[in-house]
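Here are the chains, one letter per residue:
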Amino acid sequence: MTTTTRNISDETLAPRGRDKIEWAERAMPVLAAVRERFARERPLAGVRVAACLHVTAETAALVRTLQVGGADLRLCASNPLSTQDDVAASLAVHDGVGVFARAGEDRPTYFAHLAAALAHRPQLVMDDGADLATLVHTSHAALGDAIVGGTEETTSGVTRLRAMAHDGALRYPVIAVNDAVTKHMFDNRYGTGQSTIDGILRATNRLLAGACFVVCGYGWCGRGLAARAAGMGARVIVTEVDPLRALEATMDGYQVLPIARAAAVGDFFCTVAGNRGVIGGREFALMKDGAVVANAGHFDVELDLAALATLAPQRRRIRPALDEFVRPDGRRYLLAEGRLVNLAAAEGHPAAVMDLSFADQALAAEFVLASGRELAPDVHTLPRALDEEVARLKLQALGVEIDVLSREQRDYLGGWRAGT
């Protein structure tokens, strides 16, 4: 099925993919600044990298930056439905990247592509969901000793990796890129908020104004989604298990309900909780006729799809990324097969916000390779100085100036004698 160098859908799509990549790169000035330095310093020279990421135009900008820095990289998709085939073709044809990704690939192909990326014998593992890391710690354990370190882009992936570390199983240090302030506070909130609404509207062309929109989970992604849904005129209900987040959602002006109560009144539902079974058979059964259900969490386990199929075995495809499930009491609509709706039904986050996240990824790769042998096999945060540098570069690109502490102010903050 695969060649030794790549497995993509259609090489003839490469010119269109190159246009998309160049368009995205115009909105990514921070990553461009990192790339300029990488070209001079070559901090990744000769390093074999296996990257499991959503194969989008924005990801291509990161891949090209890593290449300029000297990386020898193989790329596979981190979701079977998120690959942009034209982008994959451009990376393979124009940039010589070993790409193993096809839109709509089945489960065996998905895992074959993961294995193909790991066949590169990587020294750095770059993950979006920790699928590569999981294989390195299970079926490909022999690779572990050669790996200097890794990076992880998502909340779900960081959760898995922290579980590995807690069990004493993690074999190399990983930088939790997701935990960088310039990642989660902007990518998760503004990126997920906008791109999830984009995916839902592309799939359904339904009106949000006046509708009841249920957001399951009020982390950074949930905050962003709730704000964007409210901005479109929807009445927003939040469901949560964390009392602090539930209180915050209440103070932000949203109604907070248990999912069992919200299920009966919602018109749109979107899970962003990072856990399994957030919406199950009981909730699907309670939903009104015409309810639209989507997931914006990394894994489709947030929805109990087996329960939905049992409740409503009659299914048909209505529009791209929109399936209808028929029950005696009405219809339920599932978007993007329960996978990441913002990537499977739309194009993912705007380039301007991925500029921050992928600058973090590039700097995290540089940092972990330089420090990996000195770092414990654990989940580490990106150094604050690098986080602030990304923010500084973004402000500079936006033409925003900020104040600088005076010497007296720095002394005051560092002392304790001044008092009142």
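Look up: the structure comes first, before these words.
As a starting point, this report considers the structure included with it. Think of each chain on its own: its residues are numbered from 1, step by step along the sequence as written. Local features in this predicted model are restricted to residues of pLDDT 70 or higher, and side-chain atom pairs are both shown and tallied only at a pLDDT of 80 or more, whereas totals for entire chains, interfaces and linings draw on every residue. The basis for every side-chain value is the complete set of non-hydrogen atoms in the structure, without hydrogens or water.

### Description of the packing of aromatic side chains
Each pair of aromatic rings taken from Phe, Tyr and Trp, with Trp reduced to its six-membered ring, is defined by centres within 6.5 Å and is described as stacked if the planes are under 30 degrees apart, edge-to-face if over 60, and tilted in the remaining cases. This structure, assessed with the given rule, holds 4 aromatic pairs. Taking the centre distance of 5.9 Å and the plane angle of 15 degrees together, the rings of F213 and F268 count as stacked. Of this pair, F213 sits in strand β7 (residues 212–216) while F268 sits in strand β10 (residues 268–271), and the two are 55 residues apart along the sequence. Comparing F213 with F268, the two get one shared label, buried. Above the plane of the ring of Y333 lies R206, whose end atom (NZ or CZ) is 5.8 Å from the centre. Secondary structure elements follow DSSP: runs of H or I no shorter than four residues count as helices, runs of E no shorter than two count as strands, and numbering proceeds from the N terminus. Three exposure classes are used, based on accessible area relative to the maximum for each residue type with a 1.4 Å probe and protein chains only: buried under 20%, partly exposed in between, and exposed over 50%. Ring-over charges, as used throughout, are those where CZ of Arg or NZ of Lys falls within 6 Å of the ring centre and within 35 degrees of the ring normal.

### Description of the environment of V301
Looking at the secondary structure, you find V301 in the loop between β11 (291–295) and α13 (305–311). The sequence separation of V301 and D323 amounts to 22 residues, and the corresponding C-alpha distance is 17 Å. Not counting residues within four places of it along the chain, the set of residues in contact with V301 comprises N275, R276 and G277. Contact definition: two residues touch when any of their heavy atoms are within 4.5 Å.

### Focus: the nonpolar core
The tendency in soluble globular proteins is for nonpolar side chains to be buried side by side. Working definition of a nonpolar core: buried Ala, Val, Leu, Ile, Met, Phe, Trp, Tyr and Cys residues. They are joined through side-chain atoms within 4.5 Å. Counting 53 residues, the largest nonpolar core has M28, L66, L73, L75, L91, V99 and M126 as the members making the most contacts within it. Sort the elements by how many residues they give to this core and helix α15 (residues 351–371) lands first, with 11 residues. If near-sequence neighbours (up to four positions away) are discounted, L66 is found in contact with L44, A71, L73, M126, A362 and A365. Counting residues in hydrophobic clusters, the runner-up holds 30 residues, among them A226, Y254, V292 and A296.

### Things to note about the pattern of salt bridges
Salt-bridge detection follows one rule: a side-chain nitrogen of Lys or Arg within 4 Å of a carboxyl oxygen of Asp or Glu. Here the structure, examined in full by the defined rule, presents 29 salt bridges. Across the pair E283 and R282 runs a salt bridge, and its minimum N-O distance is 3.0 Å. Judged by its relative accessible area of 56%, R282 is exposed. Look at the salt bridges and you will find they share partners, linking E25, R35, R64 and D95 into a network.

### Here's the deal with the sheet that holds strand β14 (residues 330–335)
At least two DSSP bridges between two strands are needed for those strands to be called paired. Ordered in space as β9-β8-β7-β10-β11-β14-β13-β12, the 8 strands form an open sheet in which the pairing is mixed. Each edge of the sheet is formed by a strand with only one pairing partner; in this case those strands are β9 (255–256) and β12 (314–319). When β10 meets β11, the two strands line up parallel, connected through 4 bridges. By the bridge assignment for β11, F268 is matched with V292.

### A look at unusual backbone geometry
At A336, a residue that is not glycine, the phi angle is positive and equals roughly 55 degrees. Here A336 lies in the loop between β14 and α14 (341–344). At E337, a residue that is not glycine, the phi angle is positive and equals roughly 60 degrees. Tracing the backbone through its elements, the reader meets E337 in the loop between β14 and α14. Judged by relative accessible area, which is 34%, E337 ranks as partly exposed.

### Details of the side chain of T109
Examined against the element boundaries, T109 turns out to sit in helix α5 (residues 107–118). Within polar-contact distance, the side chain of T109 engages the side chain of D106 at 2.6 Å. Between N or O atoms, a polar contact is any pair within 3.5 Å; within protein, one atom must be a potential hydrogen donor and the other a potential acceptor, and residues adjacent in sequence are included only when both atoms are from side chains.

### Some words on the pairing of strand β8 (residues 235–239)
In terms of burial, β8 is largely enclosed, as 4 of its 5 residues are buried. The pairing of β7 with β8 spans 5 bridges and is parallel. Residue pairing for β8: F213 is matched across the bridge by V236. Assignment of crossover handedness uses the view with strands pointing away from the viewer, where a clockwise path from the first strand over the helix to the second indicates a right-handed crossover. For the crossover that starts at β7, traverses helix α9 (residues 220–231) and ends in the parallel β8, the hand is right-handed. Summarising the sheet, β8 and β9 pair through 2 bridges and their orientation is parallel.

### Topic: helix α2 (residues 29–41)
Each helix should span, by expectation, one fewer than its residue count multiplied by 1.5 Å. Over its 13 residues, α2 runs 19 Å from end to end, which matches the ideal 18 Å to within 8%, given 1.5 Å per residue. In this fold, the buried residues of α2 make contact with α1 (14–25), α3 (57–68), α15 and α16 (384–398). R42 sits one or two residues past α2 and shows a positive phi near 50 degrees.

### Remarks on the sheet that holds strand β4 (residues 124–127)
Pairing is parallel across the open sheet formed by 7 strands, whose spatial order is β3-β2-β1-β4-β5-β6-β15. Two strands in the sheet have a free side with no partner beyond their single neighbour: β3 (98–100) and β15 (379–380). Alignment of β4 against strand β5 (residues 149–152), held across 4 bridges, turns out to be parallel. Within β5, the residue paired with V125 across the bridge is G150. Each of β1 (48–53), β2 (72–77) and β4 touches α3; the most contacted strand, β2, lies at about 160 degrees to it. Helix axes are fitted only over the stretch in contact, all axes being lines through C-alpha atoms; the angle between N-to-C directions runs from 0 to 180 degrees. In this fold α15 packs onto β1, β4, β5 and β6 (174–176), with an angle of close to 150 degrees to the strand it touches most, β4.

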